[in-house]
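For reference, the chains in residue letters:
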Amino acid sequence: MTAPSQPRAPEGDLATFQRERVARDGETRDVYRKGKGPAVLVLTEMPGISPQVLGFADRVVALGCTAVLPDLFGTAGRDPLRPRLSGVLYGLSTMAKACISKEFTCFAAGRSSPVVDWLRALAASEHERCGGPGVGVVGMCFTGGFALAMAADARVLAPVMSQPSLPFPLTKSRRRSVDCDPATLDAVAQRCDREGLRVMGLRFKGDPLVPEERFQLLRERLGDGFVAVELEQADGHPEGPLRKHHSVLTGALIDAPGEPTRAALDRVLQLFRDKLLVTSINA
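Let us look at the structure shown here. (Residues numbered from 1 in each chain as written. Predicted model: local features only at pLDDT ≥ 70, side-chain atom pairs only at ≥ 80, totals over all residues. Heavy atoms only, no water.)

1. A few points about unusual backbone geometry
Logical step 1: Cis geometry is found at the peptide bond from Met46 to Pro47, where omega equals 5°.
Logical step 2: Structurally, Pro47 can be placed in the loop between strand E3 (39-43) and helix H1 (51-63).
Logical step 3: Residue Leu166 is joined to Pro167 through a cis peptide bond whose omega torsion reads -5°.
Logical step 4: Tracing the backbone shows Pro167 in the loop between strand E6 (156-162) and helix H5 (172-175).
Logical step 5: Positive phi, normally seen in glycine, also occurs at Gln163, with a value near 40°. (Helix = DSSP H or I, 4+ residues; strand = E, 2+ residues; numbered from the N terminus.)

Below is the structure:
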């Protein structure tokens with residue numbers, strides 16, 4: 001008898017999101033929105049806004065927040081896993097285009113990607129539009145470090161770095177680095193000290209794109225302000241798309257109570273709930 005398959009990350013439908021062309025800082029991009037309540041920017045992993053990323057956004061909506069998905073690369077709504085061969089080619093093509101784009105810092109250590117400025121402006125406008133005490137940000141993979149860089153802004157109350165992969169860890173110095181410039185990282189550290197800001201980071205141990213040295217740097221720079229959620233490779237979905245598990249909230253998620261990946265997802269959602277939806281009794 002064949003063992004039942006483990007439940008995978010839910011998939012969302014792009015057609016259920018509202019699309020708007022948004023101009024900020026001289027750049028215009030598509031932004032997809034859904035829900036009501038305080039804004040949570042969901043920054044997609046490579047190679048684009050997939051059905052799995054949309055499924056995560058639906059969970060943000062179910063909390064009582066507005067999910068805001070800027071279209072940064074790839075083809076919104078396309079499933080990178082199906083069909084497999086063309087999906088692989090699509091992923092490689094999207095990655096190559098991003099690596100040569102001036103908007104993204106893929107190889108340099110200690111530098112924020114220029115697109116972060118556009119995202120900060122978007123966060124400010126979404127906070128004004130949606131209300132609430134502030135905004136949440138979750139970056140995944142290629143965009144993981146963007147959430148850290150955006151946390152220098154006082155509006156960002158719940159930053160989450162899921163498998164932050166930049167700069168590519170090709171050398172020892174890049175393994176012990178993150179795509180956030182020193183001044184911005186100092187500003188985030190000051191918020192952690194003075195305001196009690198907490199930056200959550202998620203990764204699978206053994207993920208070659210997210211080395212232990214990167215999280216160690218964040219522990220040293222942010223102290224108790226960095227909340228590390230580290231999973232074993234055995235915790236990921238047995239039918240994950242990669243040989244080494246990478247995507248904590250999507251591709252490697254086992255969507256069942258009691259599973260470590262589900263517990264990690266629940267911690268992210270609880271952070272949004274605590275920081276954006278729970279009003280202090282002293283307020």
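2. So, the packing of H1 against helix H8 (residues 260-277)
Logical step 1: Packing of H1 against H8 brings their axes to within 10 Å, and their N-to-C directions diverge by 40°. Of the possible angle classes, the one that applies to H1 and H8 is oblique. Two packed elements cross with a definite hand, and for H1 against H8 that hand is right-handed. Touching Phe56, Arg59, Val60 and Leu63 of H1 are Arg262, Leu265, Val268, Leu269, Phe272, Arg273 and Leu277, all from H8. (Axes fitted to C-alpha atoms, helices over the stretch in contact; angles between N-to-C directions. Parallel < 35°, antiparallel > 145°, perpendicular 65-115°, else oblique. Left-handed = near helix turned anticlockwise from the far one by under 90°. Contact = heavy atoms within 4.5 Å.)

3. Let's talk about a nonpolar patch on the surface
Logical step 1: There is a patch of nonpolar side chains on the surface, built from Val88, Leu89 and Leu92 and spanning about 290 Å² of accessible area.
Logical step 2: Mapped onto the elements, Leu89 comes out in helix H2 (residues 84-100). (Patch = residues over 30% accessible without salt bridge, like charges linked within 9 Å, V, L, I, M, F, W, Y side chains within 5 Å. Areas by Shrake-Rupley, 256 points an atom, 1.4 Å probe, with all protein chains shown as cover. Salt bridge = Lys/Arg side-chain N within 4 Å of Asp/Glu carboxyl O.)

4. Side note on the packing of aromatic side chains
The description of an aromatic ring pair uses the distance of the two centres, along with the angle that the planes make with each other.
Logical step 1: One pass over the full model with this rule turns up seven aromatic pairs.
Logical step 2: For the ring pair Phe73 and Phe142, a centre distance of 5.6 Å and an interplane angle of 80° mean the geometry is edge-to-face. Placement of Phe73 in the loop between strand E4 (66-70) and H2 and of Phe142 in the loop between strand E5 (135-140) and helix H4 (144-150) is noted, with a sequence separation of 69 residues between them.
Logical step 3: Using a relative accessible area of 7% as the deciding quantity, one classes Phe73 as buried.
Logical step 4: For Phe142, a relative accessible area of 1% gives the class buried. (Phe/Tyr/Trp six-rings, centres within 6.5 Å; stacked < 30°, edge-to-face > 60°. Buried < 20%, exposed > 50% of the residue type's maximum accessible area, 1.4 Å probe, protein only.)

5. A few points about the environment of Ala124
Logical step 1: Mapped onto the secondary structure, Ala124 falls in helix H3 (residues 115-130).
Logical step 2: When the C-alpha positions of Ala124 and Val135 are compared, they lie 8.5 Å apart, and in sequence the two are eleven residues distant.

6. A short note on the nonpolar core
Burial of nonpolar side chains together is a common tendency in soluble globular proteins.
Logical step 1: Core analysis: the largest hydrophobic core is formed by 46 residues, its most contacted members being Phe104, Phe142, Leu148, Met150, Val199 and Leu222.
Logical step 2: Here the element with the most residues in this core is H3; it accounts for six residues.
Logical step 3: In this structure Phe142 touches Met46, Phe73, Met95, Ala98, Phe104, Cys106, Ser165, Leu166, Phe168 and Asp179, once residues within four positions along its chain are discounted.
Logical step 4: In terms of nonpolar packing, the next biggest core, distinct from the first, is built from 38 residues, Ile49, Met200, Leu253 and Val268 among them. (Core = buried A, V, L, I, M, F, W, Y, C linked by side-chain atoms within 4.5 Å.)

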